[in-house]
Amino acid sequence: MAGLLAMFGACKQSETGASAAEGDAASKVYVAPGNHDELYAFLSGGYNGQMSVYGIPSGRLLKVMPVFSQYAENGYGYSEESKAMLNTSFGFVPWDDLHHPKLSRTDGMADGRWLFANANNTPRVARVDLKTFKTVEILEIPNSAGNHCSPYPTNNNEYVIAGTRFSVPISNDGGIQDIGLDQYKDKFRGSISFIKVDPEHGEMEIDFQVLVPGFDYDLANGGKGPSSDWVFFTTYNTEQAGTLKERNASLNDKDFVVAINWKVAAEYAKQGKAREIPAEYYHNVLDEKTHVATSEVKKTVKVLLAEECPGMMYLIPTPKSPHGVDVDPSGEFISVSGKLASVIPVHSYSNMIKAIENKDFIDEINGIPVLKYESVLAGEVQEAGLGPLHTEYDGRGNAYTSMFVSSEIVKWDIKTFKVLDRIPVYYSVGHLLIPGGDTKEPYGKYLVAMNKITKDRYLPTGPELTHSAQLIDISGDKMKMLLDFPTLAEPHYAQAVPADLLKEKSVKFYRLDENEHPHAVKKESDTRVERDGNIVRVYMTAIRSHLTPDNIEGIHLGDTVYFHVTNLEQDWDVPHGFAVMGNQNAETLIMPGETQTLQWIPTKTGVTPFYCTDFCSALHQEMQGYARVSAKGANTPIKYWLGEPKKNN
Ligand code: RUQ
Ligand code: CUA
């Protein structure tokens, strides 16, 4: 056991500590000032709960997109409009651990419409609209605990599939039971959710869930081409150990890849095989016209029991505590990365179908047939490296697997299973990205390695060092290191698409005449301050270079003030920001044409400045004003103005 621990703690240092890039690398990643990158890459932010947009090949950070975590820079999760996005059945959850971005698909290819992502901690799936690069929907997943094998869109977004990582005791009356932890083996179950996606608007809805044996489920990947109807999951802790999993979940030589035919599952659900059980989960949607998020609480979910659905699910023995499972572009080869395995097993889809037809079963678990390893296997990659985690494909018959322990990328042939090349990465690589590498036609020019540990690669910054990505040229026979770039928090998976797929569609500003926010004011003459009990609403506008009104009196301690700020600009790249001194809240950043609301509960009497936070014009510093806060019960009336004449009321 000590050996195992040492192996996982290890990481290979660079021999020279110097650059591993070759002479012509600089010209391959150089994007001259003013020029655009070739690709957009979307990297997950891990425990930062966001996704970031990078330009490839330059590695330039273009945008941070908050998803499951509050983001002070633009007020996401702080503004009244966005708070509801983070509502869950547990209450307001301001943070999560985001692992796997996945682009929506049409005919097995990224279609550039949406980006889905999972929350690993409090189970949720989010959808980002790639016209605005904004999170527009978050769906909570009930009966799940650690939504890690998620989200996997099928080839035409028929379903986004989300599997639980932890098994939990799921109650027939809804929710997770309060029972003794020694009942793991008998009472705990996993769940896999099949989320329907509206083909036009993208809205998600849980169609049904499948309750599966009480293992841990790790990652998933959808089939392609001939295997399009299938989705594959890795499992670990098939020992069903309830404690000391580091050892007890590593006893079996093989765990399983779970193969589920989602079409068969959908058919069972449709035919009424699914039972509806109580559940409580939130569905949060940002309205396109008002830009206001609202939450709906769902009360039931339909579940199928795997054991009651013959022909839907099979178990494929696979060494050993497998992590990533990745289907090649043809849909025939399913390579599996066993963290503790000495080989990379590659399963064959057509062998699997034959084995099912021949009833080549060696066992049954919870009524689910276990196929014979040798019957499904296509081949094994020998001596690939240590600690394989994830594989991507280049579309030219090659696979690339990340080796966490031996800190390298290994390239191998998907038909001969021969290792062709290897390149060290710095250090302890997790996921890899080849743009389109999980689709039927990869854009096989670059590979991005996302590394957990950087040690000596950058200037030291105290105990905490950045995680890092490395860009590798895979266009030739030999992989070539091109670039290191630091990442925001911990990237797990990532996706990338050619820039042309998105850049023309990118929204430049919101049209004011389409703004249906209930508190929008579209001209300065409509701005006003209204009191309703101890609620004060300021209907404010922002345009270069003033806020209207800029002076407000008549606020009292005990009031809750809402600044509804409409940005009147109708031009690209002119947000205004809004912040108030001493406000126990973030700022809000208002895009041209939209309305955003900042809540302020004053805690002190006196004159309180507010101002625009985004340097928007030469007179940005003049874009400021005052709110006067009087004592509770004082008789200061509501009064507000901009310039002359005074506007009183
Ligand atoms: S999982 S490397 Cu979510 Cu591999 Cu991160
Ligand atoms: Cu508006 Cu600065």
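Scroll up to find the structure.
Keep in mind it's a predicted model, so treat the numbers as computed, not measured.

Some details on the site of ligand 1
So, step 1. All residues adjacent to ligand 1 are H99, H100, H148, H323, H390, G430, H431, K452 and H492.
So, step 2. For the shell around ligand 1, the per-class residue count stands at no nonpolar, 8 polar and 1 charged.

What to know about the nonpolar core
So, step 1. Core analysis: the biggest nonpolar cluster contains 32 residues, and I161, F194, F208, F233, I260, L304 and M312 have the highest contact counts within it.
So, step 2. Sorting elements by how many residues they give to this core places helix α5 (residues 262-270) first, with 5 residues.
So, step 3. Discounting residues that sit within four places of it in the chain, I260 has contacts with I192, F194, D229, W230, V231, F233, M312 and M313.
So, step 4. In this structure, L86, L115, A119 and A499 belong to the second largest nonpolar core, which totals 29 residues.

Brief notes about the packing of aromatic side chains
So, step 1. The final tally for this structure, using the stated rule, is 19 aromatic pairs.
So, step 2. Seen from their ring centres, F563 and F578 are 4.7 Å apart, and the 50° between their planes marks the pair as tilted. Remark: F578 occurs in strand β40 (residues 576-580) and F563 occurs in strand β39 (residues 560-567); sequence separation between them is 15 residues. The same class applies to F563 as to F578, namely buried.
So, step 3. Taken together, the ring pairs in this structure connect Y159, F194, F208 and W262 into an aromatic cluster.
So, step 4. Here the guanidinium or amino end of R457 rests over the ring plane of Y426, the centre of that ring lying 4.1 Å away.
So, step 5. If you follow R528 out to its NZ or CZ, it ends over the ring of Y539, 4.0 Å from the centre.

Section: helix α6 (residues 349-357)
So, step 1. Along α6, the residues that are buried comprise Y349, N351, M352, A355 and I356. On an axial view of α6, the arc spanned by its buried residues comes to 160°, and they lie on one face.
So, step 2. K359 sits one or two positions beyond α6 and adopts a positive phi of about 50°.

What counts, and at which threshold
- Residues numbered from 1 in each chain as written.
- Chains lettered and ligands numbered in written order.
- Predicted model: local features only at pLDDT ≥ 70, side-chain atom pairs only at ≥ 80, totals over all residues.
- Heavy atoms only, no water.
- Near = heavy atom within 4 Å.
- Nonpolar A, V, L, I, M, F, W, Y, C, P; charged D, E, K, R; others polar.
- Core = buried A, V, L, I, M, F, W, Y, C linked by side-chain atoms within 4.5 Å.
- Buried < 20%, exposed > 50% of the residue type's maximum accessible area, 1.4 Å probe, protein only.
- Helix = DSSP H or I, 4+ residues; strand = E, 2+ residues; numbered from the N terminus.
- Contact = heavy atoms within 4.5 Å.
- Phe/Tyr/Trp six-rings, centres within 6.5 Å; stacked < 30°, edge-to-face > 60°.
- Lys NZ or Arg CZ within 6 Å of the ring centre and 35° of its normal.
- Arc of directions from axis to C-beta.

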